[in-house]
Amino acid sequence: MKHEDTIMSADQDSDGDQGVGVITAPEKPKLAKPPLWKVVMLNDDYTPMEFVVEVLQIFFGMTGEKATQIMLAVHQTGKGTCGIYARDIAETKCAQVNQYAQENQHPLVSEIEPAD
Ligand code: TYC
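Residues numbered from 1 in each chain as written. Predicted model: local features only at pLDDT ≥ 70, side-chain atom pairs only at ≥ 80, totals over all residues. Heavy atoms only, no water.

Digging into the nonpolar core
Ranked by internal contacts, the top residues of the largest apolar core, which has 22 residues, are Met41, Val55, Leu56, Phe60, Met62, Val97 and Leu108. No other element matches helix 1 (residues 49-60), which puts seven residues into this core. Leaving out residues up to four positions away in the same chain, Phe60 has contacts with Val39, Val55, Cys82, Gly83, Tyr85, Lys93 and Val97. (Core = buried A, V, L, I, M, F, W, Y, C linked by side-chain atoms within 4.5 Å. Buried < 20%, exposed > 50% of the residue type's maximum accessible area, 1.4 Å probe, protein only. Helix = DSSP H or I, 4+ residues; strand = E, 2+ residues; numbered from the N terminus. Contact = heavy atoms within 4.5 Å.)

What about the pattern of salt bridges?
Throughout the structure, instances matching the rule amount to four salt bridges. Its salt-bridge partner being Lys38, residue Glu113 comes within 3.9 Å of it at the nearest N-O pair. Linking Glu113 in strand 3 (residues 109-114) with Lys38 in strand 1 (residues 36-42), this pair joins segments that are 75 residues apart in sequence. Given a relative accessible area of 26%, Glu113 falls into the partly exposed group. For Lys38, a relative accessible area of 16% corresponds to the buried category. (Salt bridge = Lys/Arg side-chain N within 4 Å of Asp/Glu carboxyl O.)

A word on the sheet that holds strand 3
Within a beta sheet, neighbouring strands are joined by backbone hydrogen bonds and run either parallel or antiparallel to one another. With antiparallel pairing, three strands are arranged side by side in an open sheet as 2-1-3. In this open sheet, the two edge strands, each paired with only one partner strand, are strand 2 (79-86) and strand 3. Neighbour-to-neighbour, the strand axes of the sheet open up by a mean angle of 30°, direction not taken into account. With seven bridges connecting them, strand 1 and strand 2 associate as antiparallel partners. In the sheet register, Leu42 faces strand 2, and the bridge partner there is Lys79. (Pairing = 2+ DSSP bridges. Axes fitted to C-alpha atoms, helices over the stretch in contact; angles between N-to-C directions.)

Below, the structure is given as structure tokens:
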């Protein structure tokens, strides 16, 4: 391999020094992290508390204790965050929850909203 092969070529070099005798730090990565989305569970008057706890355990990997705590917060305040994910993951989890609730004839609904 020729020595020049180990050095930046002029057309790769964006800082205008043509790569001559200068060692630069790596450029800052240009890709921003994707925005995050919350999966939010809504309260209703009919879905059994035990079913909500089961949903939180199945789809959000919560322990029984954590799931009970979130379920009660939703029951008392009207809504609550189950998890925060990249948009496609949040959409999938939301759809899974709503489908599972429908299959079991419960009115439980989740939705997604941008995380702050
Ligand atoms: N409010 C329901 C009840 O009293 C329980 C419930 C909690 C329902 C959370 C939905 O997202 C929910 N049985």
